[in-house]
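# Residue-level structural notes
Single-letter residue listing:
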Amino acid sequence: MLEAWLREHAAHWPESTLLHRARIVTRFLDFLVQEGLIASNPVADLRAEYHARSDKAILRALLASNPDQALESIRQFPPFGSVLGNLMRNHIARMRARGYRYQTQERWFWRFDRFLQAHPDLAREPVSVMLQHWAAARPSANHAAECERLARALSKAQHHLDPNSKPRRPDPRPAQQVARQWRRPYIYSPEEVRRLLDIARSYPSPRALLRPISLYTMLVLGYCAGLRLGELARLNLADVDLHAGTITIRETKFFKSRILPLAGSALSALREYLEARHKAKAPQSPDSGLFWHDQGNARYTSHAIAGCLVDILRRAGIKPPKGKNGPRIHDLRHSFVVNRILEWYRAGINPQDKLPFLATYLGHRDIHSTLVYITVTQELLQQANDRFRTFAAHCLHASEGVQG
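As the structure is a prediction and not an experimental result, all values here were calculated from the model. (Residues numbered from 1 in each chain as written. Predicted model: local features only at pLDDT ≥ 70, side-chain atom pairs only at ≥ 80, totals over all residues. Heavy atoms only, no water.)

With that settled, the discussion passes to the overall build of the protein. Each helix and strand in the protein was counted, giving 19 helices and five strands. Overall, the C-alpha framework of the protein stretches about 90 × 65 × 40 Å when taken along its three principal axes. With 404 residues in all, the protein has 40% of them scored as buried. Taking as baseline every contact in the protein between residues at least 6 positions apart, the subset at least 24 positions apart corresponds to 57%. If you sum the accessible surface of the protein, you get close to 23700 Å²; carbon and sulfur atoms cover 54% of it. Of the charged side chains in the protein, 58 are positive and 37 negative, and the gap between their average positions amounts to 3 Å. (Helix = DSSP H or I, 4+ residues; strand = E, 2+ residues; numbered from the N terminus. Buried < 20%, exposed > 50% of the residue type's maximum accessible area, 1.4 Å probe, protein only. Contact = heavy atoms within 4.5 Å. Areas by Shrake-Rupley, 256 points an atom, 1.4 Å probe, with all protein chains shown as cover. Lys, Arg positive; Asp, Glu negative; His and termini not counted. Charge placed at Lys NZ, Arg CZ, Asp CG, Glu CD.)

Right, dumping it as structure tokens:
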């Protein structure tokens, strides 16, 4: 029935519209399953059978002239179905039982597992040989660094099963190679930030009227409070306290929670957004997402936030129309750090004394993580030179007098 419906409307609707409405149908089928009105959702069954990543891939296959062949072409390997699958799966469960999130490492294992399933001839080879073939599959510095980290994680997993096995000695060279090609953070100027905010305010969104002010508020919090994309996505309505002038960031990177005081301009933007959110009849329960959209009655994901904000960068002409080159959204966090240090210099405050407070505000474990965000701009260098002259000029004059 679903295939017939798709084919009937494919002639009248663009593919994007058809797929959007088909996903609405699949969500309704999920509801019918939950209510016990139907046995299963056929789209969900196909996703499980072919290990597809999304409903969109299944729906596109059903639209093809030969659905069976199209479904077979998108078939993915089952998760952790390789000869090392159980070892990796058990190690992930063990590390999470110890309190680690272990999400990034799971993706390393998952990619390596798919490679092993695609190359069954490696099943009887030693792990070291498997890793050599995996490292040779992609000749990039990032992949080489990931292979080194994966090798160390596998060594730990094997050492847990066999304490007599020798742990792998770390090789720092792949990570050093990645560090050499790491691009310099981009520090947004006040004029560029104003341009981004203006574009967000007028962002074209006829079907989601709350989106422009949502994106505007996200940019404000990213620039004025240095929030990460994941932190923006996880904010709840109860995390905003306009009376105290604070916002609570819960259980983010390094398992840290923190309460951040906000500047008056950021609080004004939040107050305006909350009023617009209330008028849009968004959920008002304390645990509902702060950044909410009416499509699916859900919160914005970090991926959706990134997509919208990157589009704003492209519209502003700050980032090229295509590709990953150019400034990133995360550079707003770098800009926040640089601007904060500049303000301390202008106020006659020694930034070094304030670095522990800045590290706490950013949610870092120590100031070493914060130092990564300090990008030396021309203005920052000028402020540092002026401060040095103020405190050390008399020493320079004294030394010149002694030489004379």
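One finds L221, L235, I247, L262, L290, F291 and I312 to be the most contacted residues of the largest nonpolar core, which totals 60 residues. Those residues in contact with F291 that lie beyond four places of it in its chain are S214, T217, M218, L221, L232, L235, Y273, A298, R299 and Y300. (Core = buried A, V, L, I, M, F, W, Y, C linked by side-chain atoms within 4.5 Å.)

Here we come to the pattern of salt bridges. Taken as a whole, this structure holds 17 salt bridges when the rule is applied. Between E72 and R75 there is a salt bridge; the shortest N-O distance is 2.8 Å. On the basis of relative accessibility, which here comes to 43%, the residue E72 falls in the partly exposed class. Residue R75 is classed as partly exposed on the basis of its relative accessible area of 36%. Residue R250 pairs with D239 through a salt bridge whose shortest N-O separation is 2.6 Å. Within this pair, whereas R250 is found in the loop between β2 (246-249) and β3 (258-261), its partner D239 is found in the loop between α13 (229-234) and β1 (240-241), the two being separated by eleven residues in sequence. Given a relative accessible area of 3%, D239 falls into the buried group. Residues joined by salt bridges that share partners form a network here, namely R228, E231 and R258. (Salt bridge = Lys/Arg side-chain N within 4 Å of Asp/Glu carboxyl O.)

The next subject is the side chain of D113. On the secondary structure map, D113 appears in helix α7 (residues 103-118). Despite its burial, D113 remains without a salt bridge, the nearest opposite charge being carried by R89 at 7.0 Å. A polar atom in the side chain of D113 sits 2.9 Å from the backbone nitrogen of F80. Excluding anything up to four places from it in sequence, D113 contacts P78, P79, F80, G81, S82, G85 and M88. (Polar contact = N/O pair within 3.5 Å; in protein donor to acceptor, adjacent residues only side chain to side chain.)

This next bit is on helix α8 (residues 127-136). Within α8, burial applies to V127, M130, L131 and W134. For α8, the arc enclosing every buried residue in end-on projection is 95 degrees, short of the 170-degree limit, so these residues lie on one face. Facing away from the buried side of α8, by more than 90 degrees, are the exposed residues Q132 and A136. Those residues of α8 that are buried lie in contact with α7 and α9 (141-161). (Arc of directions from axis to C-beta.)

Here the focus is the pairing of β2. Burial of the side chains of β2 extends over both faces: T246 and T248 are buried on one face and I247 and I249 on the other. Here β1 pairs with β2 via two bridges, running antiparallel. Note that in β2 the partner of D241 across the bridge is T246. As consecutive antiparallel partners, β1 and β2 are separated by four residues, and within that stretch G245 has a phi angle of approximately 70 degrees, a positive value. The pairing of β2 with β3 spans four bridges and is classified as antiparallel. Bridge pairing links I247 to L260 in β3. (Pairing = 2+ DSSP bridges.)

In total, this model carries zero disulfides according to the counting rule given. Looking at C308, it has no disulfide partner, and the nearest cysteine sulfur is the one in C224, 20 Å off. (Disulfide = S-S within 2.5 Å.)

This part takes up the environment of G348. Structurally, the position occupied by G348 is in the loop between α16 (331-346) and α17 (351-362). Owing to a relative accessible area of 51%, G348 belongs among the exposed residues under this scheme. On a C-alpha basis, the gap between G348 and R387 in space is 8.0 Å, while along the polypeptide they are 39 residues apart.

A separate point is the packing of α8 against α9. In contact at an axis separation of 10 Å, α8 and α9 are set at 160 degrees when each is read in the N-to-C sense. On the basis of the axis angle, α8 is roughly antiparallel to α9. The two elements α8 and α9 cross, and the hand of that crossing is right-handed. Mapping the contact onto sequence places V127, L131, W134 and A135 in α8 and H143, E146, C147, L150, A151, L154 and Q158 in α9. Among the residues forming the contact of α8 with α9, the class breakdown is eight nonpolar, two polar and one charged. (Axes fitted to C-alpha atoms, helices over the stretch in contact; angles between N-to-C directions. Parallel < 35°, antiparallel > 145°, perpendicular 65-115°, else oblique. Left-handed = near helix turned anticlockwise from the far one by under 90°. Nonpolar A, V, L, I, M, F, W, Y, C, P; charged D, E, K, R; others polar.)

This part takes up the sheet that holds β2. Remark on secondary structure: sheet strands pair via backbone hydrogen bonds, oriented parallel or antiparallel. What the three strands build is an open sheet, ordered β1-β2-β3; its pairing is antiparallel. Only two strands of the sheet have a single neighbouring strand rather than two, namely β1 and β3.

All right, on to unusual backbone geometry then. If you check the backbone angles, Y102 has positive phi at about 55 degrees while not being a glycine. Mapped onto the elements, Y102 comes out in the loop between α6 (85-97) and α7. Under the relative-accessibility criterion, Y102 is labelled buried at 9%. Despite not being glycine, K281 shows a phi value in the positive range, around 60 degrees. Positionally, K281 belongs in the loop between α14 (264-279) and β4 (292-293). Classification of K281 as exposed rests on a relative accessible area of 74%.

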